[in-house]
Amino acid sequence: SEVTQNLKDQGKRVVLVSGVFDVIHPGHIEFLSEARKIGDMLAVTVPTDEQTQTHKGADRPIVSLADRLRTLSSLEFVSFVFPQNSWYTMDVLSLLRPTAYVYIASPENDHMISRIQPAKNLGIELHGISMDTSRFSSTKLITLIEKLK
């Protein structure tokens with residue numbers, strides 16, 4: 001994108017992450033904070049409510065796209081937030097062309113990692129952050145809250 005290219009032309013390292021970020025939890029904060037350390041600016045893309053419903057289920061998202069974007073943009077280490085018009089990460093990477101793309105390196109994401117390898121051909125660095133995803137997830141929190149009803 002023009003914004004990303006302008007920042008890169010100024011010598012800025014633009015890092016991109018993507019995710020639903022439905023119910024923000026400490027795991028999200030840790031991931032975003034670590035991702036920001038890889039560059040000068042952190043951009044976050046978030047799929048639309050319709051895409052989230054298609055891939056996560058009819059009862060998701062709990063929090064609307066507008067509210068997810070507002071919440072993420074309020075975090076001091078997040079520079080930009082964008083709605084993501086495609087569920088597929090390579091579509092977003094091809095459009096935005098960040099310096100680096102950061103993802104959570106976990107067995108749950110193995111299927112996605114092979115699909116983003118072509119980003120290297122676009123000059124995009126790929127960085128996996130190892131995290132214990134068993135501690136926190138929006139899905140687990142939502143399930144726990146439902147049990148409390």
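You'll find the structure just up there.
A. Region of interest: the sheet that holds strand S5 (residues 125-130). One open sheet holds the five strands; their spatial order is S3-S2-S1-S4-S5, and the pairing between them is parallel. Only two strands of the sheet have a single partner each, and these edge strands are strand S3 (80-84) and S5. Neighbour-to-neighbour, the strand axes of the sheet open up by a mean angle of 30 degrees, direction not taken into account. When strand S1 (residues 14-18) meets strand S2 (residues 41-47), the two strands line up parallel, connected through five bridges. Pairing of Val17 across the sheet is with Val44, part of S2.

B. View of the side chain of His25. Relative to the assigned elements, His25 resides in the loop between S1 and helix H2 (26-36). With a relative accessible area of 7%, His25 lands in the buried category. Setting aside its immediate chain neighbours within four residues, His25 contacts Phe136, Ser137, Ser138 and Leu141.

C. Structural view of the pattern of salt bridges. Scanning all chains against the criterion turns up five salt bridges. Where Glu125 meets Arg13, a salt bridge forms, and the shortest distance between an N and an O atom there is 2.8 Å. Residue Glu125 is located in strand S5, and its partner Arg13 is located in the loop between helix H1 (2-9) and S1; the two are separated by 112 residues in the primary sequence. The partner of Arg60 in a salt bridge is Asp22, with the nearest N and O atoms 2.7 Å apart. Highlighted residues: Arg60 in the loop between helix H3 (49-56) and helix H4 (65-73) and Asp22 in the loop between S1 and H2, separated in sequence by 38 residues. Exposure class is identical for Arg60 and Asp22. Each is buried.

D. How the structure looks around the layout of surface pockets. Considered as a void within the structure, the largest pocket measures approximately 1100 Å³ in volume. What lines the largest pocket is a set of 39 residues, among which Ser18, Gly19, Val20, Lys56 and Asn109 lie closest to the centre. Residue assignment for the lining of the largest pocket shows that the elements contributing at least two residues are H2, helix H5 (89-96), strand S4 (100-105), helix H6 (110-116) and helix H7 (138-148). Residue composition of the lining of the largest pocket, grouped by class: 15 nonpolar, 15 polar and nine charged. Forming the walls of the second largest pocket are Ser1, Val3, Thr45, Phe82, Pro83, Gln84, Asn85, Ser86, Asp91, Val92, Leu95 and Leu96. Breaking the lining of the second largest pocket down by element, the ones donating at least two residues are S3 and H5.

E. Molecular detail of H5. Those residues of H5 lying buried are Thr89, Met90, Val92, Leu93 and Leu96. Buried residues of H5, viewed axially, fall in a sector of 160 degrees; they line one side. In this structure, the buried side of H5 is in contact with H1, S1, S2, S3, S4 and H6. After H5 finishes, the residue Arg97 shows a positive phi value of roughly 50 degrees.

F. Region of interest: the side chain of Thr45. Summarising the element assignment, Thr45 is placed in strand S2. Taking relative accessible area as the criterion, Thr45 reaches 1% and is therefore assigned buried. When neighbours within four sequence positions are excluded, Thr45 is seen to be in contact with Leu16, Val17, Ser18, Gly19, Phe21, Phe82, Gln84, Val92 and Leu96.

G. Highlighting the nonpolar core. Counting residues in hydrophobic clusters, the biggest one holds 20 residues, and the most contacted among them are Val17, Phe31, Leu32, Leu42 and Val44. For this core, the secondary structure elements donating two or more residues are S1, H2, S2, H4 and S4. Leave out the neighbours within four places in its chain, and Leu32 touches Val17, Phe21, Leu42, Val44, Leu72, Leu75 and Phe77. Core analysis: the second largest hydrophobic core is formed by 14 residues, Leu93, Tyr101, Met112 and Leu126 among them.

Criteria and cut-off values
- Residues numbered from 1 in each chain as written.
- Predicted model: local features only at pLDDT ≥ 70, side-chain atom pairs only at ≥ 80, totals over all residues.
- Heavy atoms only, no water.
- Pairing = 2+ DSSP bridges.
- Helix = DSSP H or I, 4+ residues; strand = E, 2+ residues; numbered from the N terminus.
- Axes fitted to C-alpha atoms, helices over the stretch in contact; angles between N-to-C directions.
- Buried < 20%, exposed > 50% of the residue type's maximum accessible area, 1.4 Å probe, protein only.
- Contact = heavy atoms within 4.5 Å.
- Salt bridge = Lys/Arg side-chain N within 4 Å of Asp/Glu carboxyl O.
- 1 Å grid on protein atoms, 1.4 Å probe; cavity = no way out; pocket = protein on both sides within 12 Å on 5 of 7 lines; lining within 4 Å.
- Points joined across faces, edges and corners; volume = space filled by probe spheres on them.
- Nonpolar A, V, L, I, M, F, W, Y, C, P; charged D, E, K, R; others polar.
- Arc of directions from axis to C-beta.
- Core = buried A, V, L, I, M, F, W, Y, C linked by side-chain atoms within 4.5 Å.

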